[in-house]
Amino acid sequence: MSSEMPKAYEPAEVEPRWYQYWMDHGVFRASTEGGDQRPTYVVSMPPPNVTGSLHMGHALFGTIQDVLVRHKRMQGYNALWQPGMDHAGIATQTVVERQLKRENLTRHDLGREAFIERVWKWKEESGGRILKQMQVLGCSADWDRLRFTMDPDLNRAVTEAFVRLYEEGLIYRDTRLVNWDVESRTVLSDLEVEQEEGVSGELYEFAYAVIDPEGDGAKELVVATTRPETMLGDTAVAVHPEDPRYQHLHGKKLRHPFVDREVPIVLDDILVDMEFGTGAVKVTPAHDFNDFATGKRHSLEEINIMNLDGTLNEQAGEFAGMERFAARKAVKKRLAELGLERGSRQHSMTLPRSQRSGTIVEPIISTQWFVKMEPLAKPALAAVRDGRTEIRPEEWVKTYNHWLENIQDWCISRQLWWGHQIPAWFCAKCDHVNVAREAPAACSKCQHTELRQDPDVLDTWFSSGLWPFSTLGWPEQTEALQRFYPSSDMETGYDILFFWVARMMMMGLHFMGDVPFRRVLLHGMVVDETGAKMSKVKGNTIDPLDLIHGADFKSVVAKASPGAPEAEALKKFQKAYPSTAKMGQGFEPYGGDALRMTLCSYSPQAKRIALSPKRFEGYRNFCNKVYNAVRYSLTHIESAQVTGEPPKATLLINRWILSRLGKTVEQSTRGIEDFRLDEGTQALYHFLWDELCDWYLEASKPVFSSGSDAEKTETRNTLAYVIEATLRALHPYMPFITEELWQRVPRPDDSPESIALCSYPTASVGPADEAAERDLETLQGAISAARTIRTEYQVHPGAKVPLALKSSDAAVRDLLSTQHVLIETLVKTDGPPQVQAPDAPRLAGSVVSVVGAVDVVVGLKGLVEASKESERIERGLKKLDKDVVSLQKRLENPKFLQNAPQEVVAEVREQLASLEAQRARLEDAKQLVAELEG
RNA sequence: GGGCGCAUAACUCAGCGGUAGAGUGCAACCUUCACACGGUUGAAGUCACAGGUUCAAAUCCUGUUGCGCCCACCA
C-alpha cells in the first residue's frame, strides 16, 4: 500500500476529498434526539459578515474553535458548533451602495424596497462564500443548522426582545446629542466611533464683540476653537466665575457677527479651565458633548446648524448649503474680513471617526431609540465576578468590568434600510408610539388606523447579542434551546469584547435567566510580521486560501494592494513580511493542516499574532514528517493487531514510546482544555518528530531487520498502536492528514468510519514507565556523546568506529549491554560496544566523553591528534568547573541549607556529586592523554 | 487624563522563583534502503535599564526608558 503513496505529502489532493466524506457521513451533526445521553459541548460561531471574504481573523477563530470542538466530539460529547452569518447592517449596506455608485445610482433612486431586494440578491449570490471558505480549513460546524441574523425566526427573536425590553422600560426613545455619520447618514453608537489620536489640528481664535461695554472695560471676548464653523450655533460663551480677567463681563452679552443673535456670557466652572486658551469657551450645545451638558445647566437654546448630509442648514445664514469643511474655511475668511480673527496655533487633538465609513463624526441632536444599560450590566458583572462565566486570558476581566461599570446607554436605532426594522408604529393623528410584535390595526391611544412604522432599523449588534439563544429557536422553547443553552465556550477576538461578548452576557442573562456561555476565550489580532494591523492601505493582507492552495507573490501582492503598481505593492509586502525574502517565488501549497497548526502554535496570551510566513513552511514540513513516518511504518505494520488496549511491551524502546505517548496525550488535552493550543501543538510536534521519528523509528529498524520473531511481533504491534493513537491525538489540530493516514493504518475492528468519531486518547493510552524513560535517557546521552565525538573529529558518517562504554554502576552496564544493537546502529560502531568497568584499560587512540554515569570512549584509530583531544578535555573541565563552583557556593551558604526546601538541597547535592565524579574521570583522561603525548 | 499589555538567541515567540528554551535562520558534514519539506553535529542570549525583596530573580516589588493597545465629551 505504501508503494502507492508519493514521497511527499500532497494536501491539495487529500483535503477536499475528506471534507466531502465528513459531510456525507454527517460527522459534524449535533444530536437533538431524546435518547442521546451524552453531555453537550456547544460553541456558537461568531457569525461572519455576509459582505466578507475569508481573512486571517476568520482562519484563526475557525481553527481554534474547530480544535476545541473536534476534541470534545472525540471525547464523547454531543458537540454542537453552531454556524451562522451576520447581516452586518451598516457594513453590508455600505458595500451595496458602493456597487450602486458604480452604476451612477444611489439607494434613493431604487427606493427602500428595491434596495433591500438588491441586498438580498447580493447576499444570496456571494453571502455563503465565506462559509465555503471556512470548510477549506476543515471547520466541523453543523452546517445543517446554519442561521442568518435576518432569517424569519431570528427576526422574530429580535422583535420579541425589543418589545419585551420596551415593555420593561429598558428601551426608550429620547432626544439627545448623538454621533452622526454624515457619509452613511445614520447615527452610531459610542462603540462605533473610533478616536483617532494625535491628529495635528488648528486651534483658531476669534473675538466676539461685547454689547454695551462698560466705559473702560473690554470691548471684546476672545474664544478658541478647533471647529470654527460651529460658532454659527453658539448660544453662549462661558467663562470661569472666578476668573479675574472677566469679572466685569459677568451678565454681559455678545454680538454674533453673522446671525441675528445675542450671545450671553455665562459662568461655568465645570466647562471652563482658566489655564486653557483664553479662558473663554464658546458654547455650541447642539454640536458638542460638553457644550450640550453646559447648555442644559444654563438652559441655553440648542441650535442645530447642520443637515444630515453634513452641509449647513438655514440656521447658518450666509453659509447655508455649504459643506461642513468648506463652511469652516468660509467662516474663517469672513471673520478675518470683519477683523475678528485673533490668531491660531497648532494643536494636537483627537478626531472621532466612523468605524465603518471613516468620516469624521458630527455630534448632532436627534431623537433615537436607546437601551438602558445599567440594569442589564449589573447581572453581567456579577456573573463574571462569581465565576458563572470565566474569561480567559484572565487579564481581560478588568477591561470587561471597567466597561460595564461605566456603561452608557446604547443607541440602537440606525437610519439604514438593511436590518431589522424597529417594531414601532407612529400614529399619524396623535403621534403616539405603538410598540408591538405585529403591525397594530389601530393606535392604542386614539384608535386612529393610520399608522406608520418607524423607518429605522436596529444596530446590527442588537441581533448579535441574542445569538446564543436566537439560533436555537428562542422565544420558542425548542428541544435545541433546552439542550444547547448555555454554550460551553465563546471563543472570539478581544476586539469585540464590548460589541458582542458583553452584550450577549447581558441579553442572555436577561432573557434566559442564565449566562450565555461558561467560558469566554479571547484570542489576539492577526497582524503582519512587523506588528502592523492588516489593511489594504498598507498592502499587508494575506489571504488564508493562498497559503492553503499556494500562490506566487505576484498574485498575493495584487490582492494585498488592489490596483497598485506591482513593484510598489511587492515592496510594501516584503517590508511587512521580511521573512518572505527567503521564500522564492511565492507561497507553496502548504495545505489547511499546516495553516491550522501554525495558527495554533501562537500563544493566545499574545494580543498580536504576528504572522511570520516562514513558520507555515515549518508546519508544512511537519505534515510531511507525519506523512512519511506513517508511510514508513506501513511497510512494517500492515499485519499488526491493533486493539483498544496498549500492547504488552517488554522491550525498552516499546515501553518507552508508550510511556511518552501517554504523557504527550495528556499534555495535548491539557493544552486544549486550558485554551493553550500552543502548548498542545508543541507537545505533539516534539513527540512525533524528536521522539517517535528520531529515536523510536530509528530504534525499530534493527529490531525489524535482525530481531527475534517475538521482538518483531511486539514492536510491530506497538508501532501500529502508537501510530494509530498518535493520529487520533493529532486529529483536532490536523484533521485532513490524520484522516487520510488513519484510513490506511491498522486500527481496532470496532472503529467508527471516521477518525473524527474516534475517542480522543487519554493518558492511559500509554502506561507511564519511569524506569524506561530514565534508561532511554541514559542511552540517548551516551549515543549523542559518541556522535558528537564522531562529528568533532570529522569521522565520515559512513565509517564505523570502535566504541567502549564504561560505568561503575552495574545496572547501567547491564542496560548498555542489553541495548548493544541499538547503540551499534545509532552510533555506527564496528560491532557491539564494549561495556566495561571504569578500571578497564583504555582503547588505543581513543577519545573520552563523560555523560552522567557513563564514560563514552570512541576509538579513532589514529585519526586523532592527541593535542586536539586535550583541547576538548580542557573545554569540558572548564565548563564542569564553572558548574561545580556555582553548586558548591550554594551548598556553602548556611541560609540556603536552612531555608531552601529539602528536596532542592538534596537535588543540588546529587548534582554536585555527579559533576565531581565526572570531573575526576575527565582528570584521569587528561592524565592519560598527557602520558600519550609525553 | 485614566487603564492594560509588551521588551528573552539574527527573526518570530514560549518560559514567569531553583544551573536559559522552541521554530525559523546560520555553520559543518552527509543523496544511509520513510522523509533533502530530510539526517547528524555545532555556534549563537550581562533574559531593556536602575534599584529592592529572597538562601536563590528572566521569573516577585518599585522606578526609568522604548514600543503597542483600550477607554474618556477637554474648547
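Residues numbered from 1 in each chain as written. Chains lettered and ligands numbered in written order. Predicted model: local features only at pLDDT ≥ 70, side-chain atom pairs only at ≥ 80, totals over all residues. Heavy atoms only, no water.

Student: Let's hear about the overall build of chain A: which residues, and what values?
Tutor: For chain A, the count of helices and strands is 30 helices and 31 strands. Taking all 934 residues of chain A together, the buried fraction comes to 54%. Of note, chain A has its 110 positive side-chain charges centred 2 Å away from the centre of its 134 negative side-chain charges. (Helix = DSSP H or I, 4+ residues; strand = E, 2+ residues; numbered from the N terminus. Buried < 20%, exposed > 50% of the residue type's maximum accessible area, 1.4 Å probe, protein only. Lys, Arg positive; Asp, Glu negative; His and termini not counted. Charge placed at Lys NZ, Arg CZ, Asp CG, Glu CD.)

Student: Got a sec to walk through the sheet that holds strand S19 (residues 433-435)? Specific residues and values, please.
Tutor: Ordered by their spatial adjacency, 3 strands build an open sheet running S19-S18-S20, and the pairing between neighbours is antiparallel. The sheet is open, and its two borders are formed by S19 and strand S20 (451-453), each paired with just one other strand. Between one strand axis and the next, the sheet turns through 30 degrees on average, direction left out of account. The sheet contact formed by strand S18 (residues 424-427) and S19 spans 3 bridges and is antiparallel. Looking at S19, one finds that Phe-426 is bridged to Val-433. (Pairing = 2+ DSSP bridges. Axes fitted to C-alpha atoms, helices over the stretch in contact; angles between N-to-C directions.)

Student: Go over the protein's contact with RNA strand B, please, and point to the residues and values.
Tutor: Inspection of the region around RNA strand B gives 56 residues, with Ala-224, Phe-276, Val-281, Asn-290 and Pro-901 positioned closest. Per the 4 Å cut-off to the protein, sugar and phosphate atoms form 56% of the nearby atoms of RNA strand B. The separation between a base nitrogen of RNA strand B and a polar main-chain atom of Ala-629 is 3.5 Å. In the environment of RNA strand B, a phosphate oxygen lies 2.6 Å from a nitrogen or oxygen atom belonging to the side chain of Trp-689. Among the elements that line the surface near RNA strand B, the one with the most residues is helix H20 (residues 613-637), at 10 residues. Across the surface near RNA strand B, the residue classes break down as 21 nonpolar, 14 polar and 21 charged. (Near = heavy atom within 4 Å. Polar contact = N/O pair within 3.5 Å; in protein donor to acceptor, adjacent residues only side chain to side chain. Nonpolar A, V, L, I, M, F, W, Y, C, P; charged D, E, K, R; others polar.)

Student: Quick rundown of helix H25 (residues 770-792)? Include the residues and the values.
Tutor: The end-to-end C-alpha distance of H25, which contains 23 residues, comes to 33 Å, matching closely the 33 Å that a straight helix rising 1.5 Å per residue would cover. Burial in H25 covers these residues: Ala-772, Glu-773, Leu-776, Leu-779, Gln-780, Ala-782, Ile-783, Ala-785, Ala-786, Ile-789 and Arg-790. Looking one or two residues beyond H25, the residue adopting positive phi is Gln-794, at roughly 55 degrees. (Expected span 1.5 Å × (residues − 1).)

Student: How would you explain the layout of surface pockets if you had to name every residue and give the values?
Tutor: Its boundaries defined by the atoms lining it, the second largest pocket holds a volume of some 1000 Å³. Forming the boundary of the second largest pocket are 36 residues, of which Thr-225, Thr-226, Arg-227, Asp-288 and Asn-290 lie nearest the centre. Of all the secondary structure elements, the ones that give two or more residues to the lining of the second largest pocket are strand S7 (193-210), strand S8 (220-225), strand S12 (280-283), helix H8 (289-298), helix H9 (324-337), strand S13 (341-354) and strand S14 (362-371). Here the lining of the second largest pocket takes 5 residues from S13, the largest share from any one element. (1 Å grid on protein atoms, 1.4 Å probe; cavity = no way out; pocket = protein on both sides within 12 Å on 5 of 7 lines; lining within 4 Å. Points joined across faces, edges and corners; volume = space filled by probe spheres on them.)

Student: Any chance you could break down the environment of Ala-560 for me, citing the residues and the numbers?
Tutor: With respect to the helices, strands and loops of the structure, Ala-560 is situated in helix H17 (residues 553-560). Classification of Ala-560 by relative accessible area gives buried; the value is 1%. Ignoring sequence-local partners within four residues, the contact set of Ala-560 consists of Lys-536, Gly-539, Asn-540, Thr-541 and Phe-573. (Contact = heavy atoms within 4.5 Å.)

Student: Requested: an account of empty space enclosed by the protein, with residues and values cited.
Tutor: Going through the model one piece at a time under the given rule, you end up with 3 cavities of 30 Å³ or more. In this structure, the largest cavity encloses a volume near 80 Å³. Around the largest cavity sit Leu-60, Ile-64, His-523, Leu-599, Cys-600, Tyr-602, Ser-603, Pro-604, Ile-609, Phe-675, Leu-677 and Asp-678, which together line it. Within the residue set of the lining of the largest cavity, elements represented by two or more residues are helix H2 (56-74), helix H19 (591-600) and helix H22 (677-706). Considered class by class, the residues forming the lining of the largest cavity number 9 nonpolar, 2 polar and 1 charged. In terms of lining residues, the second largest cavity is bounded by Ile-653, Trp-656, Trp-695, Tyr-696, Ala-699, Leu-776, Leu-779, Gln-780, Ile-783 and Leu-822.

Student: Give me the lowdown on the sheet that holds strand S31 (residues 854-859), citing residues and values where you can.
Tutor: Here 4 strands make up an open sheet; going across it, the order is S29-S28-S31-S30 and the pairing mixed. Looking at which strands have only one partner, the edges of the open sheet turn out to be strand S29 (834-836) and strand S30 (846-851). For this sheet, the mean angle separating the axes of adjacent strands, direction not counted, is 20 degrees. When strand S28 (residues 803-806) meets S29, the two strands line up parallel, connected through 3 bridges.

Student: Describe the packing of aromatic side chains, and please don't skip the residues or the numbers.
Tutor: Taken as a whole and assessed by the stated rule, the structure comprises 35 aromatic pairs. Ring plane angle 15 degrees and centroid distance 4.8 Å describe the contact between Trp-403 and Phe-498, whose orientation is recorded as stacked. With Trp-403 in helix H11 (residues 396-405) and Phe-498 in helix H15 (residues 497-512), this residue pair connects regions lying 95 residues apart in the sequence. Joined through ring pairs, the aromatic side chains of Phe-553, Phe-573, Tyr-577, Phe-587, Tyr-590 and Phe-616 make up one cluster. Over the ring of Tyr-602 we find Arg-615; its NZ or CZ atom is 3.9 Å from the centre of that ring. One Lys or Arg, Arg-787, reaches over the ring of Trp-695 and ends 5.4 Å from the middle of that ring. (Phe/Tyr/Trp six-rings, centres within 6.5 Å; stacked < 30°, edge-to-face > 60°. Lys NZ or Arg CZ within 6 Å of the ring centre and 35° of its normal.)

Student: I'd like a description of the pairing of S31, backed by residues and values.
Tutor: Counting buried positions along S31 gives 6 out of 6 residues, so the element sits mostly inside the fold. The alternating pattern of S31 places Val-854, Val-856 and Val-858 and Asp-855, Val-857 and Gly-859 on opposite faces, both of which are buried. In terms of strand pairing, S28 meets S31 through 4 bridges, oriented antiparallel. Within the sheet, the bridge partner assigned to Ala-804 lies in S31 and is Val-857. Two elements, S30 and S31, share 6 bridges in a ladder whose sense is antiparallel. Its bridge partner being in S31, Val-850 is matched across the sheet by Asp-855. Connecting S30 to the next strand, S31, in antiparallel fashion are 2 residues, including Gly-852 with a positive phi near 55 degrees.

Student: Explain the side chain of Arg-483 residue by residue, including any values.
Tutor: Counting through the fold element by element, Arg-483 comes out in helix H14 (residues 479-484). In this structure Arg-483 comes out as buried when scored by relative accessible area, which is 16%. A distance of 3.2 Å separates a polar atom in the side chain of Arg-483 from the backbone oxygen of Ser-31. From its side chain, Arg-483 meets the backbone oxygen of Glu-33 in a polar contact 2.8 Å long. Setting aside residues up to four positions removed in sequence, Arg-483 forms contacts with Ser-31, Thr-32, Glu-33, Gly-34, Asp-36, Thr-40 and Asn-78.

Student: So, H22: which residues are in play, and what are the values?
Tutor: One full turn of an α-helix is made of 3.6 residues, so residues set three or four places apart face in the same direction. End to end, H22 covers 41 Å across 30 residues, agreeing with the expected 44 Å (1.5 Å per residue, within 8%). In the structure, H22 departs most strongly from a straight axis at Leu-692, where the bend amounts to approximately 45 degrees. (Bend = angle between axes of the 7 residues up to and from the residue.)

Student: Break down the pattern of salt bridges for me, with residues and values.
Tutor: Considering all chains together, one arrives at 54 salt bridges under this definition. Here Asp-268 makes a salt bridge to Arg-297, at a shortest N to O gap of 2.9 Å. Taken as a pair, Asp-268 in the loop between strand S11 (262-267) and S12 and Arg-297 in helix H8 lie far apart in primary sequence, 29 residues in all. Arg-297 gets classed as partly exposed once you look at its relative accessible area, which sits at 38%. Across the salt bridge formed by Arg-744 and Glu-740, the nearest N and O atoms sit 3.2 Å from each other. One continuous salt-bridge network, built from bridges that share partners, spans Arg-660, Lys-663, Glu-691, Glu-770 and Glu-773. (Salt bridge = Lys/Arg side-chain N within 4 Å of Asp/Glu carboxyl O.)

Student: Which residues make up the packing of helix H7 (residues 152-167) against H15, and what are the values?
Tutor: The geometry of H7 relative to H15 is characterised by a closest axis approach of 12 Å and an angle of 75 degrees between their N-to-C directions. By the angle between their axes, H7 is roughly perpendicular relative to H15. Touching Ala-161, Arg-164 and Leu-165 of H7 are Met-507, His-510 and Phe-511, all from H15. (Parallel < 35°, antiparallel > 145°, perpendicular 65-115°, else oblique.)

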